[in-house]
Amino acid sequence: MMDITSEYLKERANVITAEGAEKAKKAAPAASAKGKMTAALAAKTAREYAALALLRAQLNRDNGGYSRAEVSVTPVTTTVEGDTATMEATEDARLYYPNVPAGDPEYEEYSVPHTLTFVRASDGGWLLDSDTIDASLTGPGPVTQPGQPGSATPSDAESEGQLEAGGSTVPVTDVEDDKPLETDPAEGSVRTRAANAGYSYGKMVSYANKYWKNANSDYRKYGSDCTNFISQAMRSGGWNTTAGSFVTRKDNKKWFYGSFESTTSYTWAGAENWYWFAKKHSKRTRILSNVWQLLSADVLQADWKRDGIIDHTMIVTKRGSKGEIYLTYHTPSKHNVKLSTLLRKYPNAAWYAHRT
């Protein structure tokens with residue numbers, strides 16, 4: 001079962017890459033992992049591979065796409081009941097970028113748990129019957145997987161009214177003050193951040209780079225952990241918490257972390273609550289008119305369905321030498337994902353770009 005799982009996930013990742021596409025042209029059909037699946041899953045996988053091939057072509061035009069993939073699979077648990085089996089496993093992958101300028105990230109990486117089911121074949125071996133990742137994830141899953149991210153549940157905190165209009169996604173070549181920006185500025189060097197000189201943007205980015213995969217044990221994890229992760233990064237860079245308690249945890253004017261969920265503010269781990277604290281009440285952020293104005297340690301939020309509820313929160317871990325923006329987040333755990341890739345895969349989302 002481990003051999004089948006590894007072969008299948010490596011093949012799936014390869015479909016999105018240039019190297020994998022070339023190998024697929026030369027490989028015999030029998031060599032495909034689809035030969036070790038049930039007929040229903042093989043048909044479903046073939047449709048998904050076709051969609052991935054189309055996405056690969058689109059990304060090649062947009063941003064160069066991916067050159068190759070590295071995938072490892074770690075089993076967590078396996079249970080067998082008669083002729084069926086269930087395996088919990090974690091996929092760790094790197095999707096390499098082609099022609100990377102010096103100093104830019106070399107790859108996108110992710111770590112995602114899978115639940116795979118198997119059935120006994122007529123020859124006594126196993127056939128893969130299904131593969132699922134957590135459907136409740138509010139962040140974009142691996143680019144190799146189909147489907148839309150999950151939606152956040154509405155908060156029962158006090159309503160703050162309508163969100164500000166989402167930012168434009170039309171590419172721009174410069175940032176505010178009409179100052180061309182070709183490289184990621186050094187910490188504290190951008191004039192527009194002078195008012196926030198007490199913050200360490202480098203520490204925010206370093207925190208995200210360190211804990212994108214293995215969460216900081218000083219904090220608990222949430223089922224939807226994206227905003228909890230960004231709050232930790234902001235705190236590491238100098239955001240001070242406010243006073244608060246169980247009584248005030250629903251107040252969007254408060255932002256604090258306690259020993260229990262009941263003594264932690266909604267703004268700490270709730271995406272939309274964080275928006276209202278950061279932008280309206282504390283004024284620690286302001287909304288940018290265009291997502292391509294984002295700089296290192298800025299925050300990007302998404303409303304996948306444009307239903308007025310913010311679902312997901314991400315931090316910029318790099319602005320590349322050619323203006324590309326790289327994002328890192330939890331739920332699922334992903335590191336240095338290109339903004340252009342997210343815009344291509346989720347064209348109907350509303351985006352909220354925060355200058356921190």
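This text goes with the structure placed above it.
Every chain is numbered independently, its residues counted from 1 as its sequence is written. Since the coordinates come from a predicted model, pLDDT governs what is reported: local features require at least 70, and pairs of side-chain atoms require 80 or more to be given and counted, while whole-chain, interface and lining totals use all residues. Heavy atoms from the whole structure form the basis of all side-chain values; hydrogens and water molecules are not counted.

**Concerning the overall build of the chain**
Cut-off, in case you're wondering: Secondary structure elements are taken from DSSP: a helix is a run of H or I of four residues or more, a strand is a run of E of two residues or more, and numbering for both begins at the N terminus. Both definitions apply: the radius of gyration is a C-alpha atom measure, and the globule rule equals 2.2 Å times residues to the power 0.38. Whether two residues touch is decided by their heavy atoms; if any such pair falls within 4.5 Å, the residues are in contact. The protein chains shown are the only cover counted for residues, whose accessible areas, like all others here, come from Shrake-Rupley with a 1.4 Å probe. By the counting scheme adopted, Arg and Lys are positive, Glu and Asp are negative, and His together with the chain ends is not counted. Here the site of a charge means NZ on Lys, CZ on Arg, CG on Asp, or CD on Glu.
For the chain, the helix and strand inventory stands at 8 helices and 12 strands. Taken over C-alpha atoms, the radius of gyration comes to 21 Å for the chain, in line with the 21 Å a tight globule of 356 residues would show. C-alpha extents for the chain along the principal axes are approximately 70 × 45 × 35 Å. In the chain, once contacts between residues fewer than 6 apart in sequence are set aside, the share between residues at least 24 apart is 65%. When the accessible surface of the chain is totalled, it reaches about 16,000 Å², and 50% of it is carbon and sulfur. A distance of 3 Å separates the average location of the 42 positive side-chain charges in the chain from that of its 42 negative side-chain charges.

**Remarks on the packing of helix α1 (residues 2–15) against helix α3 (residues 39–63)**
Inclusion rule: Only the stretch in contact is used when a helix axis is fitted, and all axes are lines through C-alpha atoms; the angle between N-to-C directions ranges over 0 to 180 degrees. For this classification, Asp, Glu, Lys and Arg are treated as charged, while Ala, Val, Leu, Ile, Met, Phe, Trp, Tyr, Cys and Pro are nonpolar and the rest, including Gly, are polar.
The contact between α1 and α3 brings their axes to 8 Å, and the two run at 35 degrees. Contact residues: Tyr8, Glu11, Arg12 and Val15 in α1; Thr45, Glu48, Tyr49, Leu52, Ala53 and Arg56 in α3. Grouping the constituent residues of the contact of α1 with α3 by class yields 5 nonpolar, 1 polar and 4 charged.

**Quick look at the pattern of salt bridges**
We apply this condition: Basic side-chain nitrogens of Lys or Arg form a salt bridge, by our definition, when they fall within 4 Å of a carboxyl oxygen of Asp or Glu. For the exposure calls, accessible area comes from a 1.4 Å probe over protein chains only, and a residue counts as buried if that area is under 20% of its type's maximum, exposed if over 50%, partly exposed in between.
Within this structure, the stated rule accounts for 13 salt bridges. Taking the shortest distance from any N to any O, the salt bridge between Arg68 and Glu70 comes out at 3.0 Å. Judged by its relative accessible area of 30%, Arg68 falls in the partly exposed class. Among the residues examined, Glu70 registers a relative accessible area of 35% and is labelled partly exposed. Between Arg120 and Asp83 there is a salt bridge whose closest N-O contact spans 3.8 Å. Highlighted residues: Arg120 in strand β3 (residues 107–120) and Asp83 in the loop between β1 (68–81) and β2 (84–96), separated in sequence by 37 residues.

**So, helix α7 (residues 271–281)**
Count 3.6 residues to each turn of an α-helix, and residues three or four apart come out pointing the same way. Summarising burial for α7: 8 of the 11 residues are buried, a large majority. Of the residues making up α7, those classed as buried are Ala271, Glu272, Asn273, Trp274, Tyr275, Trp276, Phe277 and Ala278. In the core, the buried residues of α7 are packed alongside α5 (226–236), α6 (266–269), β7 (286–287), β8 (299–303), β9 (312–319) and β12 (350–355). Lys283 sits one or two residues past α7 and shows a positive phi near 55 degrees.

**A few points about empty space enclosed by the protein**
Note the threshold: With a 1 Å grid laid over protein atoms only, a set of points is called a cavity when a 1.4 Å probe fits there but cannot get out and a pocket when it is open yet has protein on both sides within 12 Å along at least five of seven lines; lining residues have an atom within 4 Å of a point. Grid points are joined across faces, edges and corners, and a volume is the space filled by probe spheres set on the points.
Evaluated as defined, the whole model comprises 2 cavities of 30 Å³ or more. There is about 40 Å³ of room inside the second largest cavity. Looking at the second largest cavity, the residues that line it are Pro140, Gly141, Val143, Lys334, Val337, Thr341, Leu342, Lys345 and Tyr346. Going through the elements one at a time, β11 (333–338) and α8 (339–345) are the ones with two or more residues in the lining of the second largest cavity. Its residues placed into classes, the lining of the second largest cavity shows 5 nonpolar, 2 polar and 2 charged.

**What about the pairing of β1?**
Applied cut-off: The pairing criterion for strands is at least two bridges between them, as found by DSSP.
Two elements, β1 and β2, share 13 bridges in a ladder whose sense is antiparallel. Paired with Glu81 across the bridge in β2 is Thr84. Hairpin connection, β1 to β2: the antiparallel pair is bridged by 2 residues, and Gly82 has positive phi, about 65 degrees.

**Quick notes on the nonpolar core**
Using the following cut-off: Here, the term nonpolar core denotes a set of buried Ala, Val, Leu, Ile, Met, Phe, Trp, Tyr and Cys residues that are joined through side-chain atoms within 4.5 Å.
If you look at the biggest cluster of nonpolar residues, it comprises 32 residues, and the most contacted ones within it are Tyr8, Ile16, Tyr66, Leu95, Phe118, Leu128 and Val143. No other element matches the 6 residues that α3 contributes to this core. In contact with Tyr66, not counting residues within four places along its chain, are Ile16, Thr17, Ala18, Leu59, Asn60, Leu95, Tyr96, Tyr97, Pro98, Glu108, Val143 and Thr341.

**Concerning the pairing of β12**
The buried fraction of β12 amounts to 6 of the 6 residues, a majority that puts the element mostly inside the structure. Burial of the side chains of β12 extends over both faces: Ala350, Tyr352 and His354 are buried on one face and Trp351, Ala353 and Arg355 on the other. Direction of pairing for β7 relative to β12: antiparallel, over a ladder of 2 bridges. Looking at the pairing, Arg286 lines up with Arg355 of β12. Relative to β12, β8 is paired through 5 bridges, and the arrangement is antiparallel. Bridging from a neighbouring strand, Gln301 pairs with Tyr352 of β12.

**What to know about the packing of aromatic side chains**
Two aromatic rings, taken as a pair, are described by how far apart their centres are and by the angle between their planes. Keep this limit in mind: When two rings of Phe, Tyr or Trp (its six-membered ring) have centres within 6.5 Å they constitute a pair, described as stacked for plane angles under 30 degrees, edge-to-face for angles over 60, and tilted for the intermediate range. Look at NZ for Lys and CZ for Arg. If either is within 6 Å of the ring centre and within 35 degrees of the ring normal, a charge sits over the ring.
Under the defined criterion, the tally for this structure stands at 18 aromatic pairs. Plain terms: the ring middles of Tyr66 and Tyr97 are 5.8 Å apart, the flat faces sit at 20 degrees to each other, and that makes the pair stacked. Highlighted residues: Tyr66 in the loop between α3 and β1 and Tyr97 in the loop between β2 and β3, separated in sequence by 31 residues. Overall, the relative accessible area of 1% leaves Tyr66 in the buried class. Of the residues examined, Tyr97 reaches a relative accessible area of 5% and is grouped as buried. For the ring pair Tyr219 and Tyr257, a centre distance of 4.9 Å and an interplane angle of 70 degrees mean the geometry is edge-to-face. Of this pair, Tyr219 sits in the loop between α4 (201–211) and α5 while Tyr257 is found in the loop between α5 and α6, placing the two residues 38 residues apart along the sequence. An aromatic cluster is built from Tyr199, Tyr201, Tyr219, Trp239, Trp255, Tyr257, Trp268, Trp274 and Phe277, whose rings are joined through pairwise contacts. Against the face of Tyr96 rests Arg68, its NZ or CZ located 3.8 Å from the ring centre. Note that Lys338 overlies the ring of Tyr97, its terminal NZ or CZ placed 4.2 Å from the centroid.

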